Amino acid sequence: MRHIIAILIENEAGALSRVAGLFSARGYNIESLTVAPTEDSSLSRMTLVTRGSEDVIEQITKQLNKLIDIVKLIDLQETVHIERELMLVKIKTTDKMRDELRSVVDIFRGKIIDVTPTSYVIEMTGTSDKLDAFIATVDKGSIIEVVRSGATGISRGEKGLHL
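Residues numbered from 1 in each chain as written. Predicted model: local features only at pLDDT ≥ 70, side-chain atom pairs only at ≥ 80, totals over all residues. Heavy atoms only, no water.

A. Spotlight on the overall build of the protein. Along the backbone of the protein there are 4 helices and 9 strands. N-terminal to C-terminal, the α/β element order of the protein is β-α-β-β-α-β-β-α-β-β-α-β-β. Expressed as lengths along the three principal axes of its C-alpha atoms, the size of the protein is roughly 60 × 35 × 30 Å. When contacts within the protein are restricted to residue pairs at least 6 apart in sequence, those whose partners lie at least 24 apart make up 73%. For the protein, the computed accessible surface area is about 9500 Å², with 52% contributed by carbon and sulfur atoms. Of the charged side chains in the protein, 21 are positive and 24 negative; the average position of the first set lies 2 Å away from that of the second. (Helix = DSSP H or I, 4+ residues; strand = E, 2+ residues; numbered from the N terminus. Contact = heavy atoms within 4.5 Å. Areas by Shrake-Rupley, 256 points an atom, 1.4 Å probe, with all protein chains shown as cover. Lys, Arg positive; Asp, Glu negative; His and termini not counted. Charge placed at Lys NZ, Arg CZ, Asp CG, Glu CD.)

B. How the structure looks around the packing of aromatic side chains. This model, assessed by the stated rule, comprises 2 aromatic pairs. Geometrically, the ring pair formed by Phe 108 and Phe 134 is edge-to-face, given 5.4 Å between the ring centres and 80 degrees between the ring planes. Here Phe 108 is found in the loop between helix H3 (95-107) and strand E6 (111-115), whereas its partner Phe 134 is found in helix H4 (residues 128-137), with 26 residues between them in sequence. (Phe/Tyr/Trp six-rings, centres within 6.5 Å; stacked < 30°, edge-to-face > 60°.)

By themselves these figures say nothing about function.
In structure tokens form, the structure reads like this:
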């Protein structure tokens, strides 16, 4: 099962390396990882996506909690949460296909953020499933490049990851 683990971590050199090392040493895979500073300059928020059984995820969270750099963590799969991913897609275009591609982008609520005589760059946010569906809709031969941020998430309501 896929899990999104949100972590408050001390904003210090080597903290990310220790988290990645924990996964590597135990043979666990990180599907995606995003890290950014929080409103408190001494802390960063890390969002990590991994897969595993309930026992494996429990082991991962216990091991993460033992790391000195980790201030707090939550498994967002255990709460009602909102999840988003950012994707940029560069697509080859021709005069004939531009209107059709614009329609598809509108249906998926994306934005065309760059236009050249031969290509569009499209920005899209949503769940991983939505982004996958967009990629499946577009002609594979026309895709030049795809860049995805990986999932990030936040719990709904008043509960949150804070000190």
